[in-house]
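Chain by chain, the residues run as shown.
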Amino acid sequence: MPQYIVKRLLGLLPTLLLVGFLVFLFVHLLPGDPARLAAGPDANLETVDLVRKDLGLDRPVPQQFLRFVNGVLHWDFGTSIRTKRPVAQEIGDRFMPTCWLTVWSMLWSVLIGMTIGIVSAVWRNRWPDRLGMTLAVSGISFPAFALGMVLMQFFSVQLGWLPTVGDDTWRHYILPSLTLGAAVAAIMARFTRSSFVDILGEDFIRTARAKGLDERRVVIKHGLRNALIPVVTMMGLQFGFLLGGSIVVEKVFNWPGLGRLLVDAVDMRDYPVIQALVLLFSLEFILINLIVDVLYGLINPTIRYR
Amino acid sequence: MATLPASPPLLADEHVRTPWSEFWRKFKRQKIAMIAGAFVVLLVVVAIAAPWIAPFDAENFFDYDQLNARPNAKHWFGVDALGRDIFSRILMGARISLAAGFLSVAVGAIVGTLLGLIAGYKEGWWDRIIMRICDVLFAFPGILLAIGIVAILGGGMANVIVAVAVFSIPTFARLVRGNTLALKHLTFIEAARSLGASDRAIVFRHIFPGTISAVVVYFSLRIGTSIITAASLSFLGMGAQPPTPEWGAMLDAARAEMLTAPHGAIFPALAIFLTVLAFNLLGDGLRDALDPKIERR
């Protein structure tokens, strides 16, 4: 197993380098002169030249790339144009709210999604299935920002049960995490159902029933473990979806997280922040996929990694 | 000698079974998908005819007497904060959302399918390079890639379409590559090759048709996602700019008036929901009808 992890990590290197190179190129792809952007609209030519030297933009591109990689490895992403604070610090302040939001959403969506999926598979083509799958296809079709606005209007404004914006208490987490998790829960429900329906048709399930196990044991002990394998893979893929979705949800709930930081940065053309965030988001995504692959091996002992 | 009664001539099954008729036979049994398909057709008609059927000018008609008015006989879906007729704006918005969804997925599907065919058929270096590019595109969570592209190209609906198209490419490429790999070793491909068919003919006339059904299913499912992504970008202020009646942008604008005029948010939200729902249900139906492994259960 450790060998497998090392091998996978090494295999990631080319992808990481390419991602890093793309993110590095980002500054040069932006229309206009990055030095002028960094110096601000009122700066005179000399200041712009100074800033260009300071950022190393006067050197050849390969050297700039090495400088960029070196900076990233030392957790140095430059200075935010908007706030003049180090980007690493900006991100540090905003990291935890987004992290918790994503984790809570994942928990909701796994819990709700898998329950609906299993119930639908067990009572296939009966009313629990129809209800569950109607909910699921609606969840996929309802955009997160609209759902967030509806939930906020109903639970915060009209009923007054929950706070509207901010992240001060645990109650602030309920609506944003439900909003963010809804689509993923829907996808998980559909996926769990189809995975379960396949498994319940297998021979070993018939054997388990034939030897007189009660249905609950058949479903939970024999079905669940085997149906989980594709579901776990799906979970990993959906984490990327959550990371992306958090950008929209954070705007709706005015959440002080990375997503809103990114939206503000794009608005202000704050390219060091955009660069760092894009890199961070994709790093997270790649790492989560690696973790999922490893989990996959733990759940399914028939898969032997070499 | 007793004469045998003349047996009726043995007719070959009168009903010729083509892939198309097989598809139709399975598809029309699915009531929900049929309704969804009809709704999509209706949407397309509305989108095309919007400028003629919209009761008011979506951008330049201002009813100052009825700011934020609730739905009424004159304004079916009410009026927004600037006095514009929401019903007209929803109709015009259908044009934008459908065009954005369809164009971006079409571009993504064409480029992705070509890449997938090349990667799967040539294998070797082509395969490695193309799949590596897809891995890199996959390394960015969907909307993030789109935001990055919009940050480079600037806002606006055209750039949103490009951005959404780019992140549709890798999924189509992988899908088609997988199908191509499975098809290329089959006997009929070998037969075509031994008859002297060129690579191009083999890929486009023999392998490509085998991948179409998967591409069609994915296409319709993807349109829903793309409409949501495009609307999300507009909601974030990176897509359609005011006064364009784009549904996501309308929702963003309605946020400030949620207390006094919730209808300004409800109708665009419903419009997005029903449109995406229709495409998703249609896609599910297509998948069930086109996938030979699925017998109705």
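Residues numbered from 1 in each chain as written. Chains lettered and ligands numbered in written order. Predicted model: local features only at pLDDT ≥ 70, side-chain atom pairs only at ≥ 80, totals over all residues.

Q: Sorry, what's going on with the overall build of chain A here?
A: When you go through chain A residue by residue, the secondary structure sums to 12 helices and zero strands. Walking chain A from its N terminus toward its C terminus, one meets helices and strands in the order α-α-α-α-α-α-α-α-α-α-α-α. For the C-alpha atoms alone, the extent of chain A along its principal axes is close to 85 × 60 × 30 Å. Residue burial in chain A is summarised as follows: out of 306 residues, 37% are buried. For chain A, long-range pairs separated by at least 24 residues make up 71% of all intrachain contacts whose partners lie at least 6 apart in sequence. (Helix = DSSP H or I, 4+ residues; strand = E, 2+ residues; numbered from the N terminus. Buried ≥ 20, exposed ≤ 12 C-beta atoms within 10 Å, placed from the backbone. Contact = placed C-beta atoms within 7 Å.)

Q: For this particular structure, what's the right way to read the overall build of chain B?
A: In terms of helices and strands, chain B carries 10 helices and zero strands. Secondary structure elements of chain B, listed N to C terminal, follow the sequence α-α-α-α-α-α-α-α-α-α. Taken over the C-alpha trace, chain B has a radius of gyration of 25 Å; the compact-globule value for 297 residues is 19 Å, which it surpasses by more than 25%. Along the longest, intermediate and shortest principal axes, the C-alpha atoms of chain B span 95 × 65 × 35 Å. Once local pairs closer than 6 in sequence are excluded, the contacts in chain B between residues at least 24 apart make up 70%. (Rg over C-alpha atoms; globule rule 2.2 N^0.38 Å.)

Q: What am I meant to see in unusual backbone geometry here?
A: Residues apart from glycine generally show negative phi values, whereas peptide bonds are mostly found in trans. Within the chain, Lys84 of chain A stands out as a residue other than glycine whose phi angle is a positive 65°. Note on placement: Lys84 of chain A falls in the loop between helix H4 (61–73) and helix H5 (87–122). The exposure class of Lys84 of chain A is exposed, given the 7 C-beta atoms found within 10 Å. For Glu123 of chain B, which is not glycine, the phi dihedral falls at a positive 50°. Note that Glu123 of chain B resides in the loop between helix H3 (86–122) and helix H4 (124–138).

Q: Would you mind going over the interface of chain B and chain A with me for this structure?
A: How big an interface is tends to be reported as the loss of accessible area on association of its parts. Across the boundary between the two partners, chain B contributes 34 residues, which contact 37 residues of chain A. No other element matches the eight residues that helix H10 (residues 263–290) of chain B contributes to the side of chain B that touches chain A. Here the residues of the side of chain B that touches chain A are counted per class, giving 25 nonpolar, six polar and three charged. (Nonpolar A, V, L, I, M, F, W, Y, C, P; charged D, E, K, R; others polar.)

Q: Explain the nonpolar core here, please?
A: Here is a general trend for soluble globular proteins: nonpolar side chains tend to be buried in one another's company. The biggest cluster of nonpolar side chains holds 149 residues, and the ones touching the most others in it are Leu277 of chain A together with Ala146 and Leu251 of chain B. The biggest single contributor to this core is helix H8 (residues 171–200) of chain A, with 15 residues. (Core = buried A, V, L, I, M, F, W, Y, C linked by C-beta atoms within 7 Å.)

Q: I'm lost on the packing of helix H7 (residues 144–158) of chain A against helix H10 (residues 215–252) of chain A in this one. Help?
A: Each pair of packed helices can be summarised by the angle the axes make with each other and by the distance between the axes. All names here are of chain A. Viewed as axis vectors pointing N to C, H7 and H10 meet at an angle of 30°, and their least axial separation amounts to 9 Å. One way to sum up the angle between H7 and H10 is to call them roughly parallel. H7 and H10 meet at a crossing whose hand is right-handed. Contacts between H7 and H10 involve Ala144, Phe145, Gly148 and Met149 from the former and Gly245, Val248, Val249 and Val252 from the latter. Of the residues belonging to the contact of H7 with H10, the class tally is six nonpolar, two polar and no charged. (Axes fitted to C-alpha atoms, helices over the stretch in contact; angles between N-to-C directions. Parallel < 35°, antiparallel > 145°, perpendicular 65-115°, else oblique. Left-handed = near helix turned anticlockwise from the far one by under 90°.)

Q: Where do I start with the environment of Met157 of chain B in this structure?
A: All names here are of chain B. Inspection of the secondary structure assignment puts Met157 in helix H6 (residues 157–183). A C-alpha to C-alpha distance of 30 Å links Met157 and Lys74, two positions 83 residues apart in sequence. Non-local contacts of Met157, meaning those with residues more than four positions away in its chain, are made with Ile96, Ala100, Gly239, Ala240 and Glu246.

Q: Teacher, can you tell me more about the packing of H5 of chain A against H8 of chain A here?
A: Residue and element names in this part refer to chain A. It is at 5 Å that the axes of H5 and H8 come closest, and there the two elements cross at 35°. Of the two elements, H5 crosses H8, and the hand of that crossing is right-handed. Of the residues contributing to the contact of H5 with H8, the split by class is 24 nonpolar, eight polar and one charged.

Q: Even after reading the chapter, I still don't get H3 of chain B, so can you show me in this structure?
A: Count 3.6 residues to each turn of an α-helix, and residues three or four apart come out pointing the same way. Residue and element names in this part refer to chain B. Over its 37 residues, H3 runs 53 Å from end to end, which matches the ideal 54 Å to within 8%, given 1.5 Å per residue. Across the 37 residues that make up H3, a large majority, 26, are buried. Once H3 ends, the next one or two residues include Glu123, with phi positive near 50°. (Expected span 1.5 Å × (residues − 1).)

Q: Would you take a moment to explain helix H8 (residues 199–235) of chain B for this structure?
A: Residues and elements named next belong to chain B. With 37 residues, H8 extends only 46 Å from end C-alpha to end C-alpha; this falls clearly short of the ideal 54 Å at 1.5 Å per step. Within H8, the axis deviates most sharply at Phe208, by approximately 50°, and proline Pro209 lies no more than four positions further along. In the segment just after H8, Gly237 is the residue with positive phi, at about 85°. (Bend = angle between axes of the 7 residues up to and from the residue.)

Q: Hey, could you run me through the environment of Leu224 of chain A in this one?
A: Along the chain, the position of Leu224 of chain A falls in helix H10. With 28 residues separating them along the chain, Leu224 of chain A and Phe196 of chain A place their C-alpha atoms 7.6 Å apart.

Q: Before we go on, may I ask you to explain the environment of Val69 of chain A in this structure?
A: Residue placement: Val69 of chain A occurs in helix H4. Between the C-alpha atoms of Val69 of chain A and Leu18 of chain A, which are 51 residues apart in sequence, the distance is 12 Å.

Read these as spatial facts, not as claims about activity.
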